[in-house]
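Listed below, chain by chain, are the residues.
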Amino acid sequence: MQGINRRQHEHLKNLLIKLEENIEAKEDYLLEEEGLQSRNELESIKSKRLQMQALYMEYLKKLAEIEMHIALYRRFYNDVSINFVSSRIRKLNKAEKL
């Protein structure tokens, strides 16, 4: 599984913003029916951009949670490895030498 590429996300988001701006700039010159179609298209673009942004923000949130989980696991692993298992292995080795 591959993570979300921030640069690609920003690039697509910027393209959607440009599309929105382009449609908004042309709306004043359109006839009523064309204006309605243009407004629908604009709303669709904005909706997709906002949904994409929300999904990306949720991804970043979950990524931070995973990073915290990994750090917690590493601390626990090191504690068990160094403080728990090592001392017991030493005791076993001493017992076997006697």
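Everything numeric here is computed off the predicted structure, so don't read it as measured data.

Description of the side chain of His9
Step number 1: Residue placement: His9 occurs in helix α1 (residues 6-26).
Step number 2: Those residues in contact with His9 that sit more than four places away from it in its chain are Met52, Gln53 and Tyr56.

So, a nonpolar patch on the surface
Step number 1: Taken together, the side chains of Phe84, Val85, Ile89 and Leu92 make up a nonpolar region of the molecular surface, amounting to roughly 350 Å² of accessible area.
Step number 2: Secondary-structure assignment places Val85 in helix α2 (residues 32-97).
Step number 3: On the basis of relative accessibility, which here comes to 38%, the residue Val85 falls in the partly exposed class.

What to know about the packing of α1 against α2
Two quantities define a packed helix pair, namely the angle between the axes and the distance from one axis to the other.
Step number 1: α2 packs onto α1 with a crossing angle of 160° between their chain directions and a minimal axis gap of 10 Å. One finds that α1 runs roughly antiparallel with respect to α2. Classified by chirality, the crossing of α2 by α1 is left-handed. On the side of α1, the interface is formed by Arg6, His9, Leu12, Lys13, Leu16, Ile17, Leu19, Glu20, Ile23 and Glu24, while α2 contributes Ser38, Glu41, Leu42, Ile45, Lys46, Arg49, Met52, Gln53 and Tyr56.
Step number 2: Across the contact of α1 with α2, the residue classes tally to 9 nonpolar, 3 polar and 7 charged.

Some words on the pattern of salt bridges
Step number 1: Applying the stated criterion to the full structure yields 5 salt bridges.
Step number 2: In this structure, Glu10 engages Lys13 in a salt bridge whose closest nitrogen and oxygen atoms are separated by 3.1 Å. Here the residue Glu10 and the residue Lys13 both occupy positions in helix α1, the gap between them amounting to 3 residues, near one helical turn.
Step number 3: Taking relative accessible area as the criterion, Glu10 reaches 22% and is therefore assigned partly exposed.
Step number 4: When its relative accessible area of 17% is taken as the criterion, Lys13 is described as buried.
Step number 5: Linking Arg49 and Glu20 is a salt bridge whose minimum nitrogen-to-oxygen distance equals 2.5 Å. Residue Arg49 is located in helix α2, and its partner Glu20 is located in helix α1; the two are separated by 29 residues in the primary sequence. The exposure classification of Arg49 matches that of Glu20, with both residues buried.

How each quantity is defined
Residues numbered from 1 in each chain as written. Predicted model: local features only at pLDDT ≥ 70, side-chain atom pairs only at ≥ 80, totals over all residues. Heavy atoms only, no water. Helix = DSSP H or I, 4+ residues; strand = E, 2+ residues; numbered from the N terminus. Contact = heavy atoms within 4.5 Å. Patch = residues over 30% accessible without salt bridge, like charges linked within 9 Å, V, L, I, M, F, W, Y side chains within 5 Å. Areas by Shrake-Rupley, 256 points an atom, 1.4 Å probe, with all protein chains shown as cover. Salt bridge = Lys/Arg side-chain N within 4 Å of Asp/Glu carboxyl O. Buried < 20%, exposed > 50% of the residue type's maximum accessible area, 1.4 Å probe, protein only. Axes fitted to C-alpha atoms, helices over the stretch in contact; angles between N-to-C directions. Parallel < 35°, antiparallel > 145°, perpendicular 65-115°, else oblique. Left-handed = near helix turned anticlockwise from the far one by under 90°. Nonpolar A, V, L, I, M, F, W, Y, C, P; charged D, E, K, R; others polar.

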